[in-house]
Amino acid sequence: MFWKRKKTDVTEQEIYADLSKKFGDKILEFMEEGTHNPTVIVEADQIGKIVSYLKDDERFQFDSLMNLAGHDPGAESELSVIYHLYSTELKHYITLKVFTSREEAVVASVANIYQTANWHEREAFDLYGIKFDGHPDLKRILLEDDWEGFPLRKDYVPAEFYRGMRIEKVK
Amino acid sequence: MIQLLANWILSFDMLSGMGASVAWGLSLFIVAALIFVFVAVNAIVLVYIERKVSAFMQVRLGPMRVGKYGTLQTVADALKLLQKEDIIPKMADKVLFVVGPWVILVASVVTFAAIPFSDTLLAANMNIGLFYVVSISSIVVLGIVMAGWASNNKWSLYGAMRSAAQIISYEIPVGITLIAVVAVVGSLNLQTIIEAQGGTGNLFHWIPIPLPNWFIFHSPFLFMAAFVYLIGATAEINRVPFDIPESESELVAGFMTEFSGLRWALFFLSEYANATLVAFLVSIVFLGGWQSPFSSYQGTQIGFSIITIFALFWTIFVQGKTKRLSVYPLGLSLVITIAAWLFPGFAIWMASPGIFWMLMKVAGIIFLLMWFRWTFPRLRVDQLMYLSWKVILPLSLINLMGVAIWMWLTGEIQF
Amino acid sequence: MGRLHAEEMILNMGPQHPSTHGVLRLKLRTDGEIVSHIEPVIGYLHRSFEKHAENLEYQMVTPFTGRCDYLAAMGSEHGYAMAVEKMLGIELPERVEYLRVIFAELQRIASHLVAVGTFGLDVGAITPFIYCFRERELILDLFEMASGARLLYNYIWIGGLAHDVPPGFVEKTYEFLDAFEKRVAEYNQILTGNKIFIERAADIGVMTPEVAINYGVTGPSLRASGVNIDIRRTEPYSIYDRFDFDVPLGQGAMGTVGDSWDRYYMRVLEMSESAKIVRQALDQLPVEGDVQAAIPRRIRPPQGEIYFRSENPRGELGYYIVSDGKNVPLRLKMRSPAFSNLSVINEIGQGWMISDVIAILGSLDIVLGEIDR
């Protein structure tokens, strides 16, 4: 299965080790337990630099951002953004994760590195209210432009009305 | 025909007092009404046929519920359209919006005044018949531009602009192609053009295959001209693959987007009137109009025997492979052949000119147009222009020159 | 000589338009017929799938996944079921795996038939569309036989299938394959080789591999650009490593590699490949066996997260699931292929005509249900 298969010899541990050497304390943690995709946790404002390093480096060539997802573990904890990177050339993976505070959720944008991120970041902004610093056109994508609140946050209270129309309660 | 009708009216005792001019005016009105009825009924029938033809091409049944085999479906549709609410968009230019569809309809109906249905059946035997038909039918573009502009809708505007560009571009090659025929006949009169195609002759003057003297067999150039004309005319009447003014997958419905009810029905009516007109012109100019393909009753018998043999081979070798046998072509031609051999009267009737042959040819051409429509994708607007200016127009010019040279070679004209 | 330049016009294509494949709105900036900028506006079909999923038990999410990509519901359900099973770490009976592959591949054929047909429709050819729907109807009959539904099946459940296929299903599927494999030639006759169609599709909207990868384009659209990535082949999930099939790649047979024609033709070729897989799976299908693995009534995956991707007809369908050990997912994100595939339209559609934008959009084969979710 794909998280066990490797085409190249580069493992997630090696990527983590390389990143730690390059970026030092900007790389916070390596999470292997409790996830099927070994994850490197990095600082939110450094994600752009780290990702472009991973993309350009000969050994890694992470040229594809498969997925970018916002995540809110609970009403009291920090928001996070998860990046699933893939190399179409070398067929290996790495998962990156950043944490950002709930009140002032700002993450560096990777939209100018991966065009995929353009819409995915807009989606994360739309549903989680995470601002992506440096995004060319950060606005709501799935919801209406004048929607209030960020529905996928755990502390979101469903709106009762939208433009005078009653929204039916979902149990 | 108008004069004949007037004389016929005056021949009744109780009507003879009305005077020649009143009778003439009355018959004028009757003929106009007849033409309009022809166009309207024609559209209803053609819509039904088109739906059935498309259905059979698409392995469906088509309309089946209203009337036997859905024959009354288009009548019901027409009634529905007539009673629909009359909607004029708020921001539309009301005068143009109302007038536009009527301009299109009138332009396509009045052209039928000059169309001969048989050697006697025509409204007006004009000496400039061909010129009249071509020039009047191009008024249609005016109505389309009016409708598209008046709708105050961007899609309509695109449709109208495309249509204007397209129709004007294709008028030129179509006109030049027709001139090639006029050069052969030396007349613009449609009856004269048909009469010039009587009798039997060799294919392309020299090849010894006996064929009717139709202009499509006159020379390789007119043979090509027939196809050039058909392509150009298909573009002129906005049918697939040249339906870019309507192009429903791009422009929603083009210039018709904002129209509904009666006004939309008028567009439909004129669309089918135009298609019929083109079919008439092709059969008049290239396929001998109301002339029979057989010059004598022996010709009928031999001709249909050959057709039956072809049908037999086609059934065995072409249909046999696909395992979808249809006995209709073979059966029909076999029945006609036997009838022609058994009953000389039938064979003579088949060999004589008349409205039957005219309508058969028209039906054939219309079927061809439907076949195009349900087979081809649509061209893009610039490809359409490319086809017009860089392919069709040079071809039509070559045809014109070629026909002149051909006539000199065959000795039809001397310098 | 300067180019003639007129005032630019904003043209709103959609949300109600025959060729936007649903409720998509394209804001086109046009200069005459030439489109200089395309801004897709999405969200008209947003049904809060992810919000719903956070409030539903794992089993209850399955029908929602089908409603996202409603043209490939089996594929979506398959992907979701596999993701949750991977978190649970359960093994499935052989028969389940084979039947799932059969359904997923039949669904791929059905979905590609719609894609091929509607692409024909977009460039003005109406008849191929009906031909394609004729075959799709046969597949839907098979699905109806198995699941009782024709569009949204709720058939592939976590841990297996809802129930076994009825007797006669295998024979009927063979019959369908026999008929279908011959009919692919018909599409090629009526559409693929048509001169006008080639004029309309070849060289239009060329997507280079770099652009495709950077925008996250996946599936047949990516392979049309010559990038050999098919998740069934690169990381065989389920039992795809047991089948012999080709991954067709864009050759630029009629124009440039990665043009609309290539994207269209990939789907025609993939239909034949899928038919090949179905045939092999039917041949190897175990006659006896359970169609449900032993799973608890309440599914509580261990705490953790997973990103699982599978090859849906439209491309890479990924599920990012976070579990906190409860019976309700903490977070479920669907990485829908058409979402990324659509985002490339401005890059490859700029500078083409309105008609071409329609053709390019059709060649990307989007389903708004999964874009908006």
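Colleague: With reference to specific residues and values, describe the overall build of chain C.
Modeller: Within chain C, the secondary structure is distributed over 15 helices and eight strands. Computed over its C-alpha atoms, the radius of gyration of chain C comes to 21 Å, within 12% of the 21 Å expected for a compact globule of 373 residues. Each principal axis of the C-alpha distribution contributes one length, and for chain C these read about 75 × 45 × 35 Å. Counting every position in chain C, which comprises 373 residues, the buried fraction comes to 56%. Contacts in chain C between residues far apart in sequence, at least 24 positions, make up 72% of those at least 6 positions apart.

Colleague: Give me the packing of helix H2 (residues 58–68) of chain C against helix H3 (residues 73–88) of chain C: which residues, what numbers.
Modeller: Residues and elements named next belong to chain C. Two elements in contact, H2 and H3, have axes whose closest approach is 7 Å; the angle formed by their N-to-C orientations is 145 degrees. The handedness of the crossing between H2 and H3 comes out as right-handed. Taken together, the residues of H3 that come into contact with H2 (itself represented by Tyr58, Val61, Thr62, Thr65, Gly66 and Cys68) are Ala73, Ser76, Glu77, Tyr80 and Val84. Residue composition of the contact of H2 with H3, grouped by class: six nonpolar, four polar and one charged.

Colleague: Outline the packing of helix H4 (residues 94–122) of chain C against helix H11 (residues 260–284) of chain C, listing residues and values.
Modeller: Helix-helix packing is described using two parameters, namely the angle between the two axes and the distance between the axes. Residues and elements named next belong to chain C. Between H4 and H11, whose axes approach to 9 Å, the crossing angle comes to 160 degrees. One way to sum up the angle between H4 and H11 is to call them roughly antiparallel. Taken as a pair, H4 and H11 cross one another with a handedness that is left-handed. Residue-level inspection shows Tyr98, Val101, Ile102, Glu105, Leu106, Arg108, Ile109, His112, Leu113, Ala115, Val116 and Phe119 of H4 in contact with H11, the latter providing Tyr264, Arg267, Val268, Glu270, Met271, Ser274, Ala275, Ile277, Val278, Ala281, Leu282 and Gln284. Class assignment for the residues of the contact of H4 with H11 results in 17 nonpolar, three polar and four charged.

Colleague: Explain the sheet that holds strand E3 (residues 34–41) of chain C to me, and be specific about the residues and the numbers.
Modeller: All names here are of chain C. The three strands are arranged E1-E2-E3 in an open sheet whose pairing can be described as antiparallel. Each having just a single partner strand, strand E1 (9–13) and E3 make up the two edges of the open sheet. Shown here is a sheet whose adjacent strand axes are inclined to one another by a mean of 25 degrees, direction ignored. Summarising the sheet, strand E2 (residues 25–31) and E3 pair through seven bridges and their orientation is antiparallel. Residue Arg29 lies in a different strand from E3, and its bridge partner there is His37.

Colleague: How would you explain the domain arrangement of chain B if you had to name every residue and give the values?
Modeller: Often the size quoted for an interface is simply the accessible area lost on bringing the parts together. All names here are of chain B. When the domains of chain B are assigned, the result is domain 1 (1–83), domain 2 (91–292 + 370–410) and domain 3 (297–352). One C-alpha centre belongs to domain 1, the other to domain 2; they are set 22 Å apart. The interface of domain 1 with domain 2 comprises 20 residues on the first partner and 17 residues on the second. Among the secondary structure elements, those contributing two or more residues to the side of domain 1 that touches domain 2 are helix H2 (20–57) and helix H3 (73–82). For the side of domain 1 that touches domain 2, the element with the highest residue contribution is H2, accounting for 14 residues.

Colleague: Please give an account of unusual backbone geometry that cites residues and values.
Modeller: In the Ramachandran plot, Val59 of chain B falls in the positive-phi region, its phi being about 45 degrees despite a non-glycine side chain. Structurally, Val59 of chain B can be placed in the loop between H2 and H3. C-beta crowding within 10 Å serves as the criterion here: with 11 such atoms nearby, Val59 of chain B is assigned to the exposed category. Positive phi, close to 55 degrees, is recorded for Asn154 of chain C, a residue that is not glycine.

Colleague: Break down the interface of chain B and chain C for me, citing the residues and quoting the values.
Modeller: Chain B puts 22 residues into the contact, and the matching count from chain C is 26 residues. Take the side of chain B that touches chain C: its biggest share by element is three residues, from helix H15 (residues 381–410) of chain B. A class-by-class count of the residues in the side of chain B that touches chain C yields 10 nonpolar, five polar and seven charged.

Colleague: Tell me about helix H7 (residues 154–185) of chain B, and please be specific about residues and values.
Modeller: Taking 1.5 Å as the rise per residue, H7 of chain B with 32 residues should run 46 Å; its terminal C-alpha atoms sit 46 Å apart, in good agreement. Remark: Gly186 of chain B follows H7 of chain B within two positions and exhibits a positive phi of approximately 80 degrees.

Colleague: Could you give me a rundown of the interface of chain C and chain A, with the residues and numbers involved?
Modeller: Taken together, the contact pairs 34 residues of chain C with 30 residues of chain A. Listing elements by their share of the side of chain C that touches chain A, those giving two or more residues are helix H1 (49–53), helix H8 (209–214), strand E6 (304–312), strand E7 (315–323), strand E8 (331–335) and helix H12 (337–343) of chain C. Sorting elements by how many residues they give to the side of chain C that touches chain A places E6 of chain C first, with five residues. In terms of residue class, the side of chain C that touches chain A is built from 12 nonpolar, 11 polar and 11 charged.

Colleague: Please set out the sheet that holds strand E4 (residues 79–86) of chain A residue by residue, giving values where relevant.
Modeller: Residues and elements named next belong to chain A. Here five strands make up an open sheet; going across it, the order is E1-E2-E5-E4-E3 and the pairing mixed. The outermost strands of the open sheet, each flanked by one partner alone, are strand E1 (27–31) and strand E3 (64–71). The mean inter-strand angle of the sheet, taken between neighbouring strand axes irrespective of direction, is 20 degrees. With seven bridges connecting them, E3 and E4 associate as antiparallel partners. Along E4, the bridge assignment pairs His71 with Ser80.

Rules of the game
- Residues numbered from 1 in each chain as written.
- Chains lettered and ligands numbered in written order.
- Predicted model: local features only at pLDDT ≥ 70, side-chain atom pairs only at ≥ 80, totals over all residues.
- Helix = DSSP H or I, 4+ residues; strand = E, 2+ residues; numbered from the N terminus.
- Rg over C-alpha atoms; globule rule 2.2 N^0.38 Å.
- Buried ≥ 20, exposed ≤ 12 C-beta atoms within 10 Å, placed from the backbone.
- Contact = placed C-beta atoms within 7 Å.
- Axes fitted to C-alpha atoms, helices over the stretch in contact; angles between N-to-C directions.
- Left-handed = near helix turned anticlockwise from the far one by under 90°.
- Nonpolar A, V, L, I, M, F, W, Y, C, P; charged D, E, K, R; others polar.
- Parallel < 35°, antiparallel > 145°, perpendicular 65-115°, else oblique.
- Pairing = 2+ DSSP bridges.
- Domains from an automatic or database assignment.
- Expected span 1.5 Å × (residues − 1).

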